[in-house]
Amino acid sequence: MKPVRIRLSRPAKTARNLLLAALALLLWRGFLGFPAFTPMGAFRQCERRQMVGPAEALDCLRIRNGRERLILAQDGDILEAAEVSRRGLWAWEAHWMIRAPLDGQVQAIPLLWEDEQNTTLLFAVAAPPEANWAEGTMLYDPKGLAISLQFSGDRRVGDFIIARAQRAENGETAALVSDFQRLRDENDGWRRLDYQISVKTARRPD
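Bear in mind the structure is a predicted one, so any value in this text is a computation, not a measurement. Residues take numbers from 1 onward in each chain, read along the sequence in its written order. Given that the model is predicted, a residue must reach a pLDDT of at least 70 before its local features are reported, and side-chain atom pairs must reach 80 or more before they are shown or counted; all residues, however, enter totals for whole chains, interfaces and linings. With hydrogens and water set aside, each side-chain value is computed from the structure's full complement of heavy atoms.

**Q** Looking at this model, I keep getting lost on unusual backbone geometry. Mind explaining?
**A** With the exception of glycine, most residues fall at negative phi, and the peptide bonds are largely trans. Here the phi dihedral of Met51 falls at roughly 55 degrees; this positive angle occurs in a residue that is not glycine. Structurally, Met51 is set in the loop between helix H2 (39-50) and strand S1 (56-63). The phi torsion at Asn65 lies on the positive side, around 60 degrees, for a residue other than glycine. Tracing the chain through its elements places Asn65 in the loop between S1 and strand S2 (68-75). Numbering of helices and strands runs from the N terminus; a helix is a DSSP stretch of H or I covering at least four residues, while a strand is a stretch of E covering at least two.

**Q** Where do I start with the sheet that holds strand S10 (residues 195-202) in this structure?
**A** The strands that make up a sheet are held in pairs by hydrogen bonds between backbone atoms, and each pair lies either parallel or antiparallel. We treat two strands as partners when DSSP finds at least two bridges between them. Sheet architecture is open: six strands sit in the order S5-S6-S9-S8-S7-S10, paired in antiparallel fashion. Bordering the open sheet on either side are strand S5 (107-113) and S10, each of which pairs with just one other strand. Across the sheet, the axes of successive neighbouring strands diverge by a mean angle of 25 degrees, strand direction being ignored. Two elements, S5 and strand S6 (residues 120-126), share five bridges in a ladder whose sense is antiparallel. Paired with Ile109 across the bridge in S6 is Ala124. Lines fitted to the C-alpha atoms define the axes, with helices restricted to the stretch that makes contact. Angles between their N-to-C directions range from 0 to 180 degrees.

**Q** Please clarify how the packing of aromatic side chains should be interpreted in this entry.
**A** Any aromatic ring pair is given by two values, namely how distant the centres are and how the planes are angled relative to each other. Pairing of aromatic side chains here covers Phe, Tyr and the six-membered ring of Trp, requires ring centres within 6.5 Å, and sorts the geometry by plane angle: under 30 degrees stacked, over 60 edge-to-face, intermediate tilted. For the structure on display, the rule yields one aromatic pair. Counted as over-ring charges are cases with an Arg CZ or a Lys NZ within 6 Å of the ring centre that also lie within 35 degrees of the ring normal. Positioned above the aromatic ring of Trp133 is the side chain of Arg204, whose terminal nitrogen or guanidinium carbon lies 3.9 Å from the ring centre.

**Q** I keep staring at the sheet that holds strand S3 (residues 78-87) and nothing clicks. Help me out?
**A** If you trace the four strands from one edge of the open sheet to the other, you get S1-S2-S3-S4, paired in antiparallel fashion. The sheet terminates laterally at S1 and strand S4 (91-101), the two strands that pair on one side only. Each neighbouring strand pair of the sheet contributes to a mean axis angle of 20 degrees, computed without reference to strand direction. By the bridge criterion, eight bridges tie S2 to S3 in an arrangement that is antiparallel. What sits directly across from Arg69, in S3, is Val84. It only takes one pair of heavy atoms within 4.5 Å for two residues to be counted as in contact. Packed onto the sheet, H2 meets S1, S2, S3 and S4 and runs at close to 55 degrees relative to S4.

**Q** Explain a positive patch on the surface to me, please; I cannot follow it from the model alone.
**A** Patch definition: residues above 30% relative accessible area lacking any salt bridge, with like charges linked at up to 9 Å and the nonpolar side chains Val, Leu, Ile, Met, Phe, Trp and Tyr linked at up to 5 Å. Per-residue and other accessible areas follow the Shrake-Rupley method at a 1.4 Å probe size, with only the shown protein chains counted as cover for residues. The working definition used for a salt bridge is a side-chain nitrogen of Lys or Arg within 4 Å of a carboxyl oxygen of Asp or Glu. Asp and Glu are treated as the negative residues and Lys and Arg as the positive ones, with His and the ends of the chain left uncounted. Each charge is placed at NZ for Lys, CZ for Arg, CG for Asp and CD for Glu. On the surface, Arg7, Arg10, Lys13 and Arg16 cluster together into a positively charged patch. In this fold, Arg10 is placed in helix H1 (residues 10-31).

**Q** Looking at this structure, I do not really get the pattern of salt bridges. What am I missing?
**A** In the structure shown here, the tally under the stated rule is nine salt bridges. Here Arg64 and Glu83 are joined by a salt bridge, their closest N and O atoms 3.3 Å apart. Here Glu83 lies in strand S3 and Arg64 lies in the loop between S1 and S2, a separation of 19 residues in the sequence. Each of the two residues, Arg64 as well as Glu83, counts as buried. Among the salt bridges present, the one from Arg99 reaches Glu80, with a minimum N-O distance of 2.4 Å. Separated by 19 residues along the polypeptide, Arg99 in strand S4 and Glu80 in strand S3 bring together distant segments of the chain. Classification of Glu80 as buried rests on a relative accessible area of 0%. Only protein chains enter the accessibility calculation, which uses a 1.4 Å probe; a residue whose area is less than 20% of its type maximum is buried, one above 50% is exposed, and one in between is partly exposed.

**Q** What am I meant to see in the side chain of Asn118 here?
**A** Along the chain, Asn118 turns up in the loop between S5 and S6. Asn118 gets classed as buried once you look at its relative accessible area, which sits at 12%. Contact partners of Asn118, with chain neighbours within four places excluded, come to Trp113, Arg167, Val177 and Gln181.

That is the geometry; function is a separate question.
Listed below in structure tokens is the structure:
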């Protein structure tokens, strides 16, 4: 007796192939540790690992020639910032996250270098709603060097203004580079830097 061969219709074959493709994709994601497909997805995964959030997403900035992203979010009186980079062709992974407390006043929070040459330092300035401009000075004093950086910006993102400072490329300011390579220090989890910041905001005519 010949075995009975079941012939699938064209729609059934299509459904079967789609199911097999979905299963292969699931296995592939499991092999990679279930990475996120988008920068924001990686940010949410980082929040869940730290058991915080979900915070209100504010912006996703391209940094380091577009290879990485800096995601800013606000969770009440906390500023969240996370570095996200590609992992393979389609996956994204968040390496670091900081949660900086806000005191309800105008304050500037130094983040990290925006470019691969480590010459542009990003700041998030908590500003009143009417302000559209922020400027200030960061005095950094490692080993008595007294390095001064002037920062300014006008890009409004939620309750913050994004500001930038340009580092002079000399031996003294090189001490800044390693301290702001990442949002967080690998050992301490949070930066312990000897710096002071003065900042002000204003409303400029459009």
